[in-house]
Amino acid sequence: MSAITAPMIEPGTQWRAFRMVLYRDLYVTWREFPAFLAQVILQPLFLLFVFGKVLATLNYTQHGYTNLLFPGLLALTAVITAMQALAFPLVAEFGWTKEIEDRLLAPMPTSYVAAEKVLFALLRSFAATLIMIPIGILILGSIPWRWAGFPLFLAALVLGALVGAGFGLLMGTLVRPERITLLFSLVFTPLLFTGCSQYPWPSLDQLRWFQIVTACNPMTYVSEAFRGALVPDVPHIQPWVCLVVLIFAVGVLLTVGLRGFYRRAID
Amino acid sequence: MSGELLHEGCAVETIDLVKRYPKSPANAVDGVSFAAAAGEVFGLLGPNGAGKTTTVGMLTTRVRPTAGAARIGGVDVMRDPVRARAQLAVVPQQSNLDRSISIRDNLIFHAAYHGVPAREREERADELLDQFGLLDRARDKPDFFSGGQSQRVMIARALMHAPQVLFLDEPTTGLDPAARLFVWDRLRELRDSDVTLILTTHDMDEAALLADRVGIMDHGHLLALDTPEALMRSLEGEGTLELAADRPADGAVVDALAALDGVDRVETVHAAAENGAPGAPPPSADSQPLRVRLYLTGDAALLVAPAAAVLTEHGLALQDVKLGAVTLEDVFIHLTGRTLR
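Described below are features of the structure shown in this document. (Residues numbered from 1 in each chain as written. Chains lettered and ligands numbered in written order. Predicted model: local features only at pLDDT ≥ 70, side-chain atom pairs only at ≥ 80, totals over all residues. Heavy atoms only, no water.)

Its location among the elements puts B:Glu313 in helix α10 (residues 300-313). Along the sequence, B:Glu313 and B:Gly115 sit 198 residues apart, while their C-alpha atoms lie 72 Å from each other. (Helix = DSSP H or I, 4+ residues; strand = E, 2+ residues; numbered from the N terminus.)

Structure below.
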């Protein structure tokens, strides 16, 4: 037998593979940009339009409701977009398209493939959330904005996107392809409506049991932190509480999600 | 070459490789050892569920071994999976092409993941697309491709980063005859390069045609390992005669057939176990109509009449007769008592 020895890996090989996989995702998004826009902004757009514009115009909502709704919808967009960017593609790629295999066999650690997915989900989430700002101005005429609250806004945005990514990783690797519709109705919808995006958490005092339910949804803390940043006059959960809870949630979700990813990636 | 395991410098090597899945009563792969040299075409032959794909999964860093070691180019795949991945490529049974991009982009991105410089990957993609007869469809997305075309794209993609070892899992299963011949031709061309090919198949023709050496697997074990010629020679017959009767029969018939002049050995043929599930016993011989394969030292045609006479004597009617030379399938039947399919 002729002797062969594998060449050593050149330094930078793993990062190059990581960058190229990220580039692939951005390339596909760019080429399908209208589809991307429709996917990420249609839902918050309609919520904003119906709750912020239609109901307000018909005088079914109190004056000022729009101001507390808008930060909540930003939170919803940040969390849900990151989640969608991971959950559905992962179920499909591990379940039937098997597309992820070519990336899992690229010369980089398996954790890099997961990290790329998370990073890409964050980028989508940031883009979608920022797009909501001009849309809000367009629909509502003006939006609540406070530069003094910007650092808090930014921190909550990153943590919110990470929470969404963690949920997405978890669902994408735990849910079997045949259960994907169940995922939508059993997880997605409750998450969407218990995240305090349409109402501030302290006002739920009158509905104690629901207040407890919403306290269990990490999205609540993103909504509340955004309110703290943009409309501090509206009663909200203390920002530091929000950030602590979010950091904890991100830690748990990403740890469990990564474990699920490993289990699917390596038999 | 057979039987000798070089622990240094083989392109592919497994040592007592074991995979046990939780909740499974038996090991999916149960102590498999083999080595393939650089440039060798190595075939793993066995029915579905024999452990071939799991063995390849361990070699390609996608399945974690329960015990034993697997090496690619001397690199332990568990200890240094990144370095192992850099030199291997996999063509799976089911298409895993990236559906969001064209097939040309599939090739180019694959090369990019593996660090092939931009200009080189463009040139190489066009070269390979041309060689695989896909140049006019370069801009199409994989969704519109047939099984045979996807297979060609996946082989082309695998070659983009010039791997040392190429794994092909059932490369022609489900392809029409023309597509199958095309893939075989391309693989034969590859054999002339220095790429090591590890081929899993349940198709004995494919194994005999393409492989320098064949390992026969069943129930997670490697039962035999040699060149196809040597494996077939090991049966020492000049031909085979397969007989099927209308009813089940007892051992007396088999003994009587074995006693005929010119018959070397008689094997009772059972239908393949359901998907070859590990641990499943072969179906009982008593419940099935008699089907035997006679391994002959002489001319098969001369034995048809005497064999038919033996069946008649035992009150059986002859239903089917097949004359043939020894194939890898006979080797498999000899080793396992079952057919491959």
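From this point, the narrative continues.
Every contact between the two is made by 38 residues of chain A and, on the other side, 46 residues of chain B. Taken together, both faces of the contact between chain A and chain B bury some 3700 Å²; the carbon and sulfur share is 57%. Where chain A meets chain B, there are four salt bridges. Residue B:Asp105 pairs with A:Arg31 through a salt bridge whose shortest N-O separation is 3.7 Å. The tally of links between chain A and chain B comes to 15 residue pairs in polar contact (both at pLDDT 80 or more). Elements that contribute at least two residues to the side of chain A that touches chain B include exactly α1 (13-31), α4 (100-104) and α10 (239-265) of chain A. Take the side of chain A that touches chain B: its biggest share by element is ten residues, from α1(A). Of the residues in the side of chain A that touches chain B, the class split is 22 nonpolar, five polar and eleven charged. (Contact = heavy atoms within 4.5 Å. Buried area = accessible area lost by both parts, 1.4 Å probe. Salt bridge = Lys/Arg side-chain N within 4 Å of Asp/Glu carboxyl O. Polar contact = N/O pair within 3.5 Å; in protein donor to acceptor, adjacent residues only side chain to side chain. Nonpolar A, V, L, I, M, F, W, Y, C, P; charged D, E, K, R; others polar.)

All names here are of chain B. Spatially, four strands are ordered β2-β1-β4-β5 in an open sheet, and the strand pairing comes out antiparallel. The sheet terminates laterally at β2 (29-36) and β5 (75-76), the two strands that pair on one side only. Bridge count for strand β4 (residues 67-72) against β5 is two bridges, and the pairing is antiparallel. Across the sheet, residue Arg 71 finds its bridge partner in β5, namely Asp 76. Relative to strand β1 (residues 12-19), helix α1 (residues 52-59) is tilted by about 115°, and along the sheet it contacts β1, β2 and β4. (Pairing = 2+ DSSP bridges. Axes fitted to C-alpha atoms, helices over the stretch in contact; angles between N-to-C directions.)

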